[in-house]
Every structure is written in C-alpha cells, then in structure tokens.
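As a plain string of letters, each chain reads:
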Amino acid sequence: MSPPVFLAATDALERGGVVLDGPEGRHAATVRRLRPGERVDLTDGAGLLAECVVADAGRASLTLDVLALHRRPAPSPRIVVVQALPKGERGELAVETMTEAGVDEIVPWSAARCVTQWRPERREKALARWRGTAREAGKQARRSRFPEIAGLASTGEVAGRIAAASLALVLHEEADAPLSAAEPPAEGEIVVVVGPEGGITEDELERFAEAGGRPTRLGPTVLRTSTAGVAAVAVLLAATGRW
C-alpha cells in the first residue's frame, strides 16, 4: 500500500528532519495512529515531495526523518477547467473528482444560467470550501502538486482565459466535433469550459467562439455539470500522454 500523504511547509521539508504538528499532525497521530518505523510522504502541494519515516509519535504530532526529497516539475500541457457553479454540494464533488484525476487548475464561473450564484458576502467562504476540497482530494490521490482554485470568474474573464490558451474547448451537447478528435498541444495551456445545468447561452457561446473557443461534444450522453469536467479531463490526460 502507498504511504499516506500529509501537507507540510516547504522550508520544513528542506531541513531534513520534520515535526508534523497542527491539524495534519493530529490527524496523523490520533486518527491514522502512525507509529515509529512507518512510512509517510509529505508534500508542500507545489511539487515538492519528501519520502519520510516516523522517528517518534506524540499525542498530536509526529517526528519524521526525511529519506529522500523530490521536486516534481509542473506537468505539460497544463489542463484548466472552467467550471460553471453547480447546485448544492455538487461543486465540491466536481472539484474532488477533477483533482483526483489530475486537473491543474479549476476556475469557478458565474454563468448566466447558473442556479447557484456566489453573492459577494459568501464568495470567500465558498472559495475556501473548494480549496479545502482540492487540498484533501490532492492528499487522497497522493499528488505532490495540488490544483489551483482561481477566484470566481465572469464570462468576460473566461473569454480572456480562452484567448490566451493554446487550445480552448467549450463542451456543448450540440457540437459536431467530438472531444476525442481534438489534437492537444504538447505545451502551453488547455482550457475546457463546462457549462451549467441549464446550458451555455447563445451569447456566451458567441463570446467564447470569438475568443477562440471551439465547441466540442463530450459524448453521446448528456452529463451533469459536476461530472462532465472529470470526464473531459480524463480524455485529455490520455490524449496528451500524461496518463
């Protein structure tokens, strides 16, 4: 079985001996009940991974010896999913599954037909939930580099991301071209836009097309907005050779 992964500060990993305390240390010592001699991996979530062994276990902390330190480069091409805000807890579900699959960035998008809208007074709390979900899913998936969760984007800001991308694909059930036929670039950034449950409006489609976004059909069935992203990411990871 692969060793469990916990989050630690970059400077702590580079020192060679690590005391894992705080929430991560309490979880490791009291929930996972890790003991001396057991293997643990630590990451800063930005590509640095430390292979460790438990030297000592306290009531709410672990002392770890670093056996090896690895710096994982950022993957290429970079895969970004613009995710229209789903209803209820489906937003966290989308973040969780896309993180486990290997997405590099998720951009929450306030699309015109989103039932859920992040009001200004609740926006930071909602973003914190998405970022916390990405962090926990990154550890579960044993990733050394966690996905970035960007701030809430408007349709204009999404168009800007599309214009700057090496390849931009807008998932749409009526598109002629299948996602499997897309030829991904070897480098740069691939942006995939996932619309809301009510669909992307004609105005949004036009703005994205003007910016360079290509309408693309994911498959013969219509997926929920919370599951379409992970399906698209899986196809692209295979096509780019990252899987």
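- As annotated in an unreviewed UniProt entry, the chain is Ribosomal RNA small subunit methyltransferase E from Actinomadura soli.
- Heading Function (unreviewed entry) of the UniProt record for the chain holds this comment: "Specifically methylates the N3 position of the uracil ring of uridine 1498 (m3U1498) in 16S rRNA. Acts on the fully assembled 30S ribosomal subunit."
- The annotation that UniProt attaches to the chain under Catalytic activity (unreviewed entry) is "uridine(1498) in 16S rRNA + S-adenosyl-L-methionine = N(3)-methyluridine(1498) in 16S rRNA + S-adenosyl-L-homocysteine + H(+)".

A few points about the packing of helix H5 (residues 155–164) against helix H6 (residues 202–211)
(1) Moving on: Running from N to C, H5 and H6 cross one another at 30 degrees; their axes reach a closest spacing of 8 Å. The orientation of H5 relative to H6 falls into the category roughly parallel. Read as a crossing pair, H5 and H6 show a hand that is right-handed. Residues Thr-155, Gly-156, Val-158, Ala-159, Ile-162 and Ala-163 of H5 form the contact with H6, whose participating residues are Glu-204, Arg-207, Phe-208 and Ala-211.
(2) Moving on: Each residue belonging to the contact of H5 with H6 can be placed in one class, and the counts come to 6 nonpolar, 2 polar and 2 charged.

Structural notes on the sheet that holds strand E3 (residues 39–43)
(1) Moving on: Across the sheet, 5 strands lie side by side as E1-E3-E4-E5-E2; this open sheet has mixed pairing. Looking at the sheet topology across the chains shown, the edges are occupied by strand E1 (5–7) and strand E2 (17–20). The average angle at which neighbouring strand axes cross in this sheet is 40 degrees, direction not considered.
(2) Moving on: Bridge count for E3 against strand E4 (residues 48–57) is 5 bridges, and the pairing is antiparallel. Its bridge partner lying in E4, Val-40 is registered against Cys-52.
(3) Moving on: Lying on the sheet, helix H2 (residues 22–31) is in contact with E1, E2 and strand E5 (62–71); it crosses E1 at an angle near 155 degrees.

Structural notes on unusual backbone geometry
(1) Moving on: Residue Ser-76 is joined to Pro-77 through a cis peptide bond whose omega torsion reads -5 degrees.
(2) Moving on: For Pro-77, the position within the fold is in the loop between E5 and strand E6 (78–84).
(3) Moving on: In this structure, Arg-33 takes a positive phi of about 55 degrees despite not being glycine.
(4) Moving on: In this structure, Arg-33 sits in the loop between H2 and E3.
(5) Moving on: You can call Arg-33 exposed: its relative accessible area is 59%.
(6) Moving on: Even without glycine at this site, Arg-142 takes up a positive phi of about 60 degrees.
(7) Moving on: Looking at Arg-142, the relative accessible area reads 39%, which means it is partly exposed.

Focus: the UniProt feature "domain: Ribosomal RNA small subunit methyltransferase E PUA-like" (unreviewed entry) in the chain
(1) Moving on: Under the UniProt annotation, "domain: Ribosomal RNA small subunit methyltransferase E PUA-like" (unreviewed entry) lies at residues 20–66.
(2) Moving on: Note that residues 20–66 is 21% helix and 45% strand, and that its end C-alpha atoms are spaced 12 Å apart.

What to know about the packing of aromatic side chains
(1) Moving on: In this structure the tally under the stated criterion is 2 aromatic pairs.
(2) Moving on: Seen from their ring centres, Trp-118 and Trp-130 are 5.1 Å apart, and the 85 degrees between their planes marks the pair as edge-to-face. Taken together, the residues span a long stretch of sequence, with Trp-118 in the loop between strand E7 (105–109) and helix H4 (120–140) and Trp-130 in helix H4 at a distance of 12 residues.
(3) Moving on: A relative accessible area of 11% means that Trp-118 is categorised as buried.

So, a negative patch on the surface
(1) Moving on: Among the surface-exposed residues, Glu-173, Glu-174, Glu-202, Asp-203, Glu-206 and Glu-210 lie close enough to one another that they form a single negatively charged patch.
(2) Moving on: With respect to the helices and strands, the residue Glu-210 is situated in helix H6.

Observations regarding the sheet that holds E6
(1) Moving on: Taken in spatial order, the 6 strands line up as E8-E7-E6-E10-E9-E11 in an open sheet, and their pairing is parallel. Either end of the sheet is taken by a strand with one partner, and the two such strands are strand E8 (148–149) and strand E11 (214–216).

Rules used in this analysis
Residues numbered from 1 in each chain as written. Predicted model: local features only at pLDDT ≥ 70, side-chain atom pairs only at ≥ 80, totals over all residues. Heavy atoms only, no water. UniProt positions renumbered as here; feature names shortened; annotations may be inferred. Axes fitted to C-alpha atoms, helices over the stretch in contact; angles between N-to-C directions. Helix = DSSP H or I, 4+ residues; strand = E, 2+ residues; numbered from the N terminus. Parallel < 35°, antiparallel > 145°, perpendicular 65-115°, else oblique. Left-handed = near helix turned anticlockwise from the far one by under 90°. Contact = heavy atoms within 4.5 Å. Nonpolar A, V, L, I, M, F, W, Y, C, P; charged D, E, K, R; others polar. Pairing = 2+ DSSP bridges. Buried < 20%, exposed > 50% of the residue type's maximum accessible area, 1.4 Å probe, protein only. Phe/Tyr/Trp six-rings, centres within 6.5 Å; stacked < 30°, edge-to-face > 60°. Patch = residues over 30% accessible without salt bridge, like charges linked within 9 Å, V, L, I, M, F, W, Y side chains within 5 Å. Areas by Shrake-Rupley, 256 points an atom, 1.4 Å probe, with all protein chains shown as cover. Salt bridge = Lys/Arg side-chain N within 4 Å of Asp/Glu carboxyl O. Lys, Arg positive; Asp, Glu negative; His and termini not counted. Charge placed at Lys NZ, Arg CZ, Asp CG, Glu CD.

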